[in-house]
Structures are given as structure tokens and as C-alpha cells.
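# Examining the three-dimensional arrangement
Spelled out from the first residue to the last, the chains are:
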Amino acid sequence: MNHPAILCLSAFAAVSLHAAAADAPVTFTKNIAPLIFENCTQCHRTGEVGPFPLTNFAEVKKKAETIATALGDRVMPPWRADEGAEKFHDARVLKPEQIALFEQWVKAGTPEGEANDLPPLPKYPAGWMLGEPDLVLKPAQSYEVAAEGNDVYQAFVLPTTFPADRYVAAVQVRPGNAAVVHHVLLFLDTSGRARELDAASPEPGYVSFGGPGFLPNGSLGGWAPGSFPRRLAEGIGMRLPKGADVVMQVHYHRTGKPETDATQIGIYFAKEPVEKRMRIFPIRAAKLRIPAGEANYGTEGWLPIPADVTLQAIIPHMHLIGKEMTVTARLPDGTEKKLIHVPDWNFNWQMNYRFIEPVKLPRGTMIHLAARFDNSEANPRNPSKPPREVRRGEGTTDEMCMAFLAYTVDAEHIPANGEVTGFPDTFVLAK
Ligand code: HEC
């Protein structure tokens, strides 16, 4: 959390926790409001993606039991990794004391407390957070989201016309209608395939799901509710190839009434000179063929690292019946480093986990991915009823098992020796 209003609330929350420990009665205004305002209200307020508002006593009281369960099960706030702010930027994890505090409040009968104790609602940053972007891209027409039906994954083609490659330091996605936009992924296409898919589809953009429907030639990252745009470290840039189309895949939730969205993206170019390119490469499970009914299917994959690289971020990716993923690095000296562990996967929260301390992976490191899937009838997230054999693919009822590694190559010094070539840096989504 890097917003000043949120920071000062953190200080407030620490004081309140202290008070609770001294056996003072737990009240909404004194103890619970700071916790909720700091961690939840950003998404749980009118016009945002949270399914109900949590902005005052009555709203929180009404949902108290559900909230206690969601906190206890660590479903909310949405953060799927088992490690938080000590390792990743913008982590959202409650401390066990905070969860206990909420339970204590529910047990005490959700008392309101003194009006004087109530902190003000935080002010949320609006508009372009890193200043005016160098380039704003948006679809030519807004998109109509119907009231009912399954979630939609609509991909919009946003052409660029630069005569040479450019390097991007940050991208901010600004949902036009935050109540329906659940997450956004940005792919790059230089093949023209996305345009063809768009042309073949009457509505703005075209329908997709796990991937964009073509082999992307890069990425500009993505966005999930509550994620902050963050500039890459000085000297690092994501390449926007000349003439590339940015393909913006938006995952829409429905609200029960017709909605309109016009999501736009703001692009900030890297300050020249760019020394290193941010590259993205997936580690994938070697096998993915999940028998119908199998509740605990395990699979794994390996990736040897061919040069000294520095890992900047990791993005686990599975579909609906994914359960758990662990990615570790075995360094040439034999040490094992856990990169990420997602103990309870949720497709709804495709997150980009950015390391605060980028991880050095010397040449000869072996990356290992292990994952589990639940293809049983008992899994409420299983889209196939009855279950069927599931294989690799981009559809809702297919699966994927990979983690994207966002890294830089240590030997690369672009102005001096040019780009280091021979490194695969393509998003490979299909098999
Ligand atoms: C980044 C946005 C975001 C934040 C932050 C967030 N929520 Fe949510 N919340 C959602 C969305 C979206 C849903 C709908 C379910 C989903 O997509 O996972 C949801 C669903 C819920 C639910 C229903 C869960 C269920 O099982 O149906 C509860 C309860 C909840 N949130 C409480 C909280 C509380 C309490 C916090 C703070 C500790 C919080 N949320 C923080 C976005 C958020």
C-alpha cells in the first residue's frame, strides 16, 4: 500500500490493535472501521468491483458473519500467495491479530462504539496516478455488458503506430465502469491475428478466455482491482514493438443490470536510455491431462535457466479447477529458494507478484513448478458437471498450468552491446 491516506490509516490501526490487547471493548468506530477502511473499502464501495459496500457501521454489521468467514478462510482481502509485504510489492494480507480482532467484535455482538472514534473514509486516488500518460489507448466504441449470463472475457484491439520499437516503464489501466471490470491483461500482437478475430466478430472486440486467441509477442502486464501502477526500475523497459497492437483482455463480471464500459490504458514510456528489457517467459507443467473425477491431480515442470538473470515478478496462471501452485528455484550451489506458493488458487485473482528484492538466478538454476488440480464433482468451481477429462487449452473448461517469469538478463546493456538475443521472450499460452 503506497497511498498516503492508506499509510496514515495503518498507523491508526496499529494503535487500535494495541488498545484491544489491553482488553478494552472492541468497537466498530475504534477498532473495526480502521481495519475495514484500510483493507476493504477501496473495492467495497459504490461503483467498485466488491459485490457490496463496506463504508459504514450498518453495512459492515449486516455482513459481519460473512466477513468473519472470508477473513478466517483468507478469501479476503484478495491475495493468494502465502507470503506478503515482506516479499512482494502492494501485498494485501491481514495479520492474525486483525482477523482475531474482527472475530472478537462479532462475538461481542458487533457494538458500534463512540462516534468520536470513527476515522474518516480514506480518499482514493482518482485519475492518472503517475501523471499525464505519454499515450492513452482506448477502444473506438464502448462495450455493452448484458445484465445476465456467464462472465465475459472480451479482447479489444488497440493499434499503435510508432515507426520504431518503444520501451514502456508503466501502464495504468483505468476501468470505465469499475463495477463490472474484474481484471485486465494486456498482450501484444504483431501478427495481425487479433485484428482478424476482431473483424470476424460483430461487437466491439472479440470473445476469449484463458488466453487472447493468438500467440502474443509480449505483454504490457495487467491489472486487478486495487493494483497500483508502478514504474519499472530505472533502465528497465517492456518493449512495445513498432506497429504492435495492444490487445486488452477485460474480464467482466455482471451486475444484474445492463452496464456500459469503456476501459482505457495510459502508457508511460521509459526514460532513455533503456539498459535492459523486461522479458516474460513461462515455466509450464510437462503434463496436463486431468482425469474426470480426480480430486487431487498433481503435475510438475522444470525450466533450466541458460544465463544469469534477475527475476522481477512472477505471475501464476491456472484456470478454474487449479488448487495449488508452488514455484521454487534450485540454484547451482544446491540452495532451494521458494519463489511463490499459492496454497488455495482462485481463478478470479490473477495477480502479478512483484518482488521487492529482485531474485538473482544464476545460469544453471533449475526452476521447478508443482501444481494440483481438483476435477471432482465436489469442487464447486468445476465448470463441467459431470466432470470430464481436462486438457490444456484456452477455453473455460480447459486448463493451463504455468507461471510467467518476468525477468531481465544480467549481461544485457542495450545502449552499449545491444539487445542480448537468443532468449525466448514470448508468451506461449497454447501448447
Ligand atoms: C481488490 C478488491 C477487493 C478488496 C481489497 C476486498 N475485496 Fe472483498 N470482494 C471483492 C470482489 C471482487 C468480491 C467478489 C468475489 C470475488 O471476485 O472473489 C469480493 C467478495 C467479498 C466477500 C464475499 C465472499 C464470498 O465468499 O462470497 C466478502 C465477505 C468480502 N469480499 C469482504 C471483504 C473484506 C472484509 C475485505 C477487507 C479485509 C475485502 N473484502 C477486500 C473485492 C475486494
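Placed above this text is the structure.
One structure accompanies this document, and this report is about it. (Residues numbered from 1 in each chain as written. Predicted model: local features only at pLDDT ≥ 70, side-chain atom pairs only at ≥ 80, totals over all residues. Heavy atoms only, no water.)

## Brief notes about helix 2 (residues 28–39)
Applied cut-off: When accessible area is computed with a 1.4 Å probe and restricted to protein chains, residues below 20% of their type maximum are described as buried, those above 50% as exposed, and intermediate ones as partly exposed. Counting from the N terminus, the helices are the DSSP runs of H or I reaching at least four residues and the strands are the DSSP runs of E reaching at least two. Polar contact is the term for a pair of N or O atoms within 3.5 Å; when the atoms are in protein, one must be able to donate a hydrogen and the other to accept it, and sequence-neighboring residues count only if both atoms are side-chain atoms.
Within helix 2, 11 of the 12 residues are buried, which leaves it mostly tucked inside the rest of the structure. Where helix 2 is concerned, the buried positions are Phe28, Thr29, Asn31, Ile32, Ala33, Pro34, Leu35, Ile36, Phe37, Glu38 and Asn39. Two or three places before Lys30, at the start of helix 2, stands the capping residue Thr27, its side-chain oxygen 3.2 Å from that residue's backbone nitrogen.

## Thoughts on the packing of aromatic side chains
Test applied: A pair of Phe, Tyr and Trp rings is counted when the ring centres sit within 6.5 Å of each other, with Trp represented by its six-membered ring. The angle between the planes then sorts it: under 30 degrees is stacked, over 60 is edge-to-face, the rest tilted.
According to the stated counting rule, one finds 12 aromatic pairs in the structure shown. A ring pair is formed by Phe28 and Trp105, whose centres lie 6.0 Å apart and whose planes are at 40 degrees; its orientation type is tilted. Here the residue Phe28 occupies a position in helix 2, and Trp105 occupies one in helix 5 (residues 96–107), the gap between them amounting to 77 residues. No difference in accessibility class separates Phe28 from Trp105, as the two residues are buried.

## Regarding the packing of helix 2 against helix 5
For clarity, the threshold we go by: Here the axes come from fitting lines to C-alpha atoms, over the contacting stretch only for helices, and the angles between their N-to-C directions go from 0 to 180 degrees. Angle categories: roughly parallel below 35 degrees, roughly antiparallel above 145, roughly perpendicular from 65 to 115, and oblique for all the rest. Crossing handedness: left-handed means the near helix sits turned counterclockwise from the far one by under a right angle, and right-handed means the same turn made clockwise. Any two residues whose heavy atoms approach within 4.5 Å at even a single point are treated as in contact.
Direction vectors running N to C along helix 2 and helix 5 enclose 130 degrees, while the axes themselves pass 11 Å from each other. Classified by the interaxial angle, the pair formed by helix 2 and helix 5 is oblique. As for how helix 2 packs across helix 5, the hand of that crossing is left-handed. Within the contact between the two elements, helix 2 uses Phe28, Asn31, Ile32, Leu35, Ile36 and Asn39 and helix 5 uses Gln98, Leu101, Phe102 and Trp105.

## Section: the site of the ligand
Under the convention used in this document: Whether a residue is near a molecule or strand is decided by its heavy atoms; if any one of them lies within 4 Å of it, the residue is near.
In the vicinity of the ligand lie 21 residues, with Cys40, Cys43, His44, Met76 and Trp349 positioned nearest. Interatomic distance of 2.7 Å between a side-chain N/O atom of His44 and a nitrogen atom of the ligand. With respect to the ligand, the side chain of Asn348 contributes an N or O atom lying 3.4 Å from an oxygen atom. In terms of residue count, the dominant contributor to the shell around the ligand is helix 4 (residues 64–72) (4 residues).

## Some remarks on the nonpolar core
Under the convention used in this document: In this description, a nonpolar core means a group of buried Ala, Val, Leu, Ile, Met, Phe, Trp, Tyr and Cys residues linked to one another through side-chain atoms lying within 4.5 Å. Domain limits in this description derive from either an automatic procedure or a database domain assignment.
Of all hydrophobic cores here, the largest spans 46 residues; its most connected members are Ile314, Val327, Leu339, Ile367, Leu369 and Phe373. Broken down by secondary-structure element, the contributors of at least two residues to this core are strand 13 (279–284), strand 15 (297–304), strand 16 (309–318), strand 17 (322–330), strand 18 (336–342), strand 19 (353–361), strand 20 (366–373) and strand 22 (401–409). When residues in this core are grouped by element, the largest group, 5 residues, is from strand 22. Among the domains, domain 1 (4–117) and domain 3 (277–417) are the pair contributing at least three residues each to this core.

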